[in-house]
Amino acid sequence: MSLVNLLDFDLEGLTAFCEGLGEKRFRAVQLFRWIHQKGAADFEQMSDLAKSLRAKLATRAEVRPLAVISEQASSDGTVKWLFDVGGGNAVETVFIPEEDRGTLCVSSQAGCAVGCRFCSTGHQGFSRNLSTGEILAQLWYAEHHLRERLKLAPTERAIDNVVMMGMGEPLQNYAALVPALRTMLDDHGYGLSRRRVTVSTSGVVPMIERLREDCPVALAVSLHAPNDPLRDELVPLNRKYPIAELLDACHQYLSAAPRDFVTFEYCMLDGVNDTDEHARQLIELARRSPRSDGSRGISCKFNLIPFNPFPASGLKRSPRERVMAFARVLADAGIVTTVRKTRGDDIDAACGQLAGEVQDRTRAAERMTRAPIRIHAAAPTARS
C-alpha cells in the first residue's frame, strides 16, 4: 500500500484523514503543527501524539519532501533551489531576502502552457501540474532549512512573504493551489497574512472569479501590454480572455481582496511595449476601463519589470532611462508605479528566468519559433 503524503492536505483535509484513522480533530491540529510549524517529518519526533497514532501513521502516511538537486546563492543574497519532482522534471524555487521581509517565489507547475514570449519557463513548454504537496514542499523545505541556517529562534520566521510567481500559471492548477494557500494562511500552519501571499496570473478569468470566493489573497496580473493586439502576441492567453474581460474580473476580485488594489506586472521590452504612447494607453485603461456595474476605473499599481534576457526570446531589455521615463508618465498621472529591483540575475533566478528541467509535452520550442513581434500603433483597449 502506497503511503499518503501529508503535505497534500490542508487542515480540513488532514482532519478528515485522521478521522478515517479513528482520531479526533485535535490530533490533526497537533500533527499539522508538527509538520508545518516545526518542520518534522519523522512521526517519532512528534512526542505529544499518542503512540497508537504514531504507529498508525508509520504504516499509512509520510511527510514527503522534494529532493534538492542543487542550491545556488547569488551575490545579492538570493538563493535558488532546483527540486526534483520526478519523471525527468525539476522545478525552481527562489528565496529573496530583504531588510523587512523574506520572500519565497514558489512554482506551481513543471513548465508552463501559457507560452508568454518573454518568459524562459514558457519556452521550455509544459509537462504537468504539481500536487499540493509538491507546492508546499518548496515552502516547507525553504522555511525550515533557512531557520536552521540563520539560527533563528523557534518563534522567528525566515519567510513571511510568498509569491506564486515561480514556474507555471497557478490558476491553471487551481485544485492543488487552493489547499496549499490555505495551509500557508492557517495559524496552525505558516500563519501568513493574506496580504503577504500573492497569486500571480497571466489572466485566467474564470479562476480569478473562483479565487475571490474560495481563498482571496493578494492578486498580481501579468499585463505586459496596453492593448489586445500586442498582448495577443506577448501573452497568448489574451486571445481567450481579452483585456476588458480581465480588468472586469480584477474589479470584481477587489470586493474580497485583502488589498484595495491589483498589482499589474509589466515587463519592459525594448521597442515593443515601452513607449510613452504605451504608457498613456495604460493610463487610459486604469481610468476609463468599463466595469460590469456601469462605472469606470480600477484601483491598481504598476510594477515595471526590467526584462531578463535569454537567447530564445529574441527580445531585449528596455534601457534604464526608458524604463524611468515610462514610470514618470504613469506616476505623473497619479498611478502608483514601482520599478522592480532585479535580484538573483547572476544565478538566473530573476523574474522570467526560471527554467528548471521540463519534459515538454507541448512542443513549445517549435511553437514559439516564429516571426518577430509586430509593433502595433495605438490601439483600442478592448475588442469591438
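Everything discussed here concerns the structure shown above.
The text that follows walks through the structure, step by step, so that each part is easy to find. Just so it is clear, the structure is predicted and the values come from calculations on it, not from any experiment. (Residues numbered from 1 in each chain as written. Predicted model: local features only at pLDDT ≥ 70, side-chain atom pairs only at ≥ 80, totals over all residues. Heavy atoms only, no water.)

### Here's the deal with the overall build of the protein
Looking only at helices and strands, the protein features 12 helices and 14 strands. Burial status across the protein gives 56% buried among its 384 residues. The long-range fraction of contacts in the protein, counting pairs at least 24 apart against all pairs at least 6 apart in sequence, stands at 68%. Split by element, the accessible area of the protein, about 16300 Å² in all, is 49% carbon and sulfur. (Helix = DSSP H or I, 4+ residues; strand = E, 2+ residues; numbered from the N terminus. Buried < 20%, exposed > 50% of the residue type's maximum accessible area, 1.4 Å probe, protein only. Contact = heavy atoms within 4.5 Å. Areas by Shrake-Rupley, 256 points an atom, 1.4 Å probe, with all protein chains shown as cover.)

### Thoughts on the state of the cysteines
Going through the model one piece at a time under the given rule, you end up with zero disulfides. The cysteine C119 is free of any disulfide, with C116 supplying the nearest cysteine sulfur at 6.3 Å. As a non-bridged cysteine, C250 has C300 as the owner of its nearest cysteine sulfur, 9.2 Å distant. The class of C250 is buried, set by a relative accessible area of 0%. (Disulfide = S-S within 2.5 Å.)

### A look at the packing of aromatic side chains
Both the distance between ring centres and the angle between the ring planes are used here to describe each pair of aromatic rings. Across all of its chains, the model carries five aromatic pairs by this definition. Centroid distance F83 to Y141: 5.6 Å. Interplanar angle 80°. Geometry classified as edge-to-face. Taken together, the residues F83 in strand β4 (residues 79–86) and Y141 in helix α5 (residues 132–150) connect sequence positions 58 residues apart. The exposure class of F83 is buried, given its relative accessible area of 0%. Plain terms: the ring middles of Y266 and F326 are 5.3 Å apart, the flat faces sit at 25° to each other, and that makes the pair stacked. (Phe/Tyr/Trp six-rings, centres within 6.5 Å; stacked < 30°, edge-to-face > 60°.)

### Let's talk about the pairing of strand β13 (residues 300–306)
Here β13 lies mainly inside the structure; six of its seven residues are buried. Inspection of the sheet shows strand β12 (residues 262–268) paired to β13 by seven bridges, in the parallel sense. Bridge assignment links Y266 to a residue of β13, and that residue is L304. Sheet analysis places β13 next to strand β14 (residues 336–339), joined by four bridges and oriented parallel. Across the sheet, the residue bridging to L304 is V339, located in β14. In this region the chain leaves β13, passes through helix α11 (residues 320–332) and returns to the parallel neighbour β14; the handedness of that crossover is right-handed. (Pairing = 2+ DSSP bridges. Right-handed = clockwise from strand over helix to strand, strands pointing away.)

### Considerations on helix α7 (residues 205–214)
Looking at α7, one finds that the buried residues are V205, M207, I208, L211 and R212. Angularly, the buried residues of α7 cover 160° about the axis, an arc narrow enough to put them on a single face. Looking at the buried side of α7, the elements it contacts are α6 (174–185), β10 (197–201), β11 (218–222) and α9 (243–253). (Arc of directions from axis to C-beta.)

### What about the sheet that holds β4?
Spatial strand order, β3-β4-β5-β6-β9-β10-β11-β12-β13-β14: 10 strands in an open sheet with mixed pairing. Unpaired on one side and paired on the other, β3 (67–73) and β14 mark the two borders of the sheet. Shown here is a sheet whose adjacent strand axes are inclined to one another by a mean of 20°, direction ignored. Of the pairings in the sheet, the one linking β10 to β11 comprises four bridges and is parallel in character. Bridge assignment links T198 to a residue of β11, and that residue is A218. (Axes fitted to C-alpha atoms, helices over the stretch in contact; angles between N-to-C directions.)

### A closer look at the pairing of β10
Within β10, five of the five residues are buried, which leaves it mostly tucked inside the rest of the structure. The two faces of β10 match: V197, V199 and T201 on one face and T198 and S200 on the other face are all buried. Of the strand pairs in this sheet, strand β9 (residues 161–164) and β10 are connected by three bridges, and their pairing is parallel. Bridge assignment links V162 to a residue of β10, and that residue is V197. In this fold, the crossover linking β9 to β10 by way of α6 has right-handed handedness.

### Brief notes about helix α10 (residues 276–288)
Relative to the 18 Å expected for 13 residues at 1.5 Å per residue, α10 spans 18 Å between its end C-alpha atoms, a close match to the ideal helical length. Three or more residues of α10 are buried, namely H278, A279, Q281, L282, I283, L285 and A286. (Expected span 1.5 Å × (residues − 1).)

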